[in-house]
Amino acid sequence: MKAQHTSGLRAYLLGPPLPDSGREGRWSVERTLFDRAAGTRGTFTGVVVFSETADGGGLRFHEEGTVRWPASGGGIFAGPATREYLLRPTESPDALDMTFPDGRPFHRMSFSTDASQDQHWCDPDTYRVTYSQRGPDEFGYVWDVTGPRKDLLLESVLRRITATHGAGELGSRA
């Protein structure tokens, strides 16, 4: 059984309790999407909400927003996009194991120098991630995806949403 830490990375993602939202970390996210093989670029903007799981040790990761990507017939496709993950405690308070909602392992999330990089094999492509903490209210991660099917660079910046800096209508509870 893994230890359950209430400090470290988990506490950073949750942040201080906000009025009317309890123990929940809300972050704006801006992502650039670059398909190196096709030379196309897109964006994703939205909100990530980290909330406590029923077991009290893990976190739910819920992301929703709008993706913009060049359409095949010209112009830009813009539409909604969401994703969910679960983060589970590890033996270190500075790391969390990210899984898909069905429990399959994805990768380890950490800002520590010796563990800020990880990878995930999604046959036949390799996904490599690097996390960086940029301050008390900002962090980023970069996915470098390579293989016979994909050649992508996905760069995300997350900024904490505070009571004084809202995010509009995005990020409503799912």
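Let us look at the structure shown here. Computed from a prediction, not measured in an experiment: that's the story for all the values here.

Before going further, it helps to examine unusual backbone geometry. Omega for the bond connecting Asp 123 with Pro 124 falls within 30 degrees of zero, at 10°, which places this linkage in the cis form. As for its position among the elements, Pro 124 is in the loop between strand E7 (117-122) and strand E8 (125-135).

Glancing now at the sheet that holds strand E6 (residues 105-110). Strand order in the open sheet formed by 10 strands is E6-E5-E4-E3-E2-E1-E10-E9-E8-E7, with antiparallel pairing between adjacent strands. Edge strands, defined here as strands with exactly one partner in the open sheet, are E6 and E7. Pairs of neighbouring strands in the sheet enclose a mean axial angle of 25°, with direction left out of account. Bridge analysis of E8 against strand E9 (residues 138-146) gives 9 bridges, and the strand direction is antiparallel. Residue pairing for E9: Val 129 is matched across the bridge by Trp 143.

Our focus in this paragraph is the pairing of E8. For E7 and E8, the ladder comprises 6 bridges, and the chain directions are antiparallel. Considered in E8, the bridge of Trp 121 is made with Thr 126. The loop that links E7 with its antiparallel partner E8 comprises 2 residues. Following E8, the chain reverses through 2 residues before pairing antiparallel with E9.

About the thresholds
- The written sequence of each chain sets the order in which its residues are numbered from 1.
- Totals for whole chains, interfaces and linings use all residues, but because this is a predicted model, local features are given only for residues with pLDDT of at least 70 and pairs of side-chain atoms are given and counted only at 80 or more.
- Computation of side-chain values: all heavy atoms of the structure, hydrogens and water removed.
- A run of H or I in DSSP counts as a helix once it spans at least four residues, and a run of E counts as a strand once it spans at least two, with each numbered from the N terminus.
- Here, any two strands with at least 2 DSSP bridges between them count as paired.
- Helix axes are fitted to C-alpha atoms over the stretch in contact, other axes to C-alpha atoms as well, and angles between N-to-C directions run from 0 to 180 degrees.

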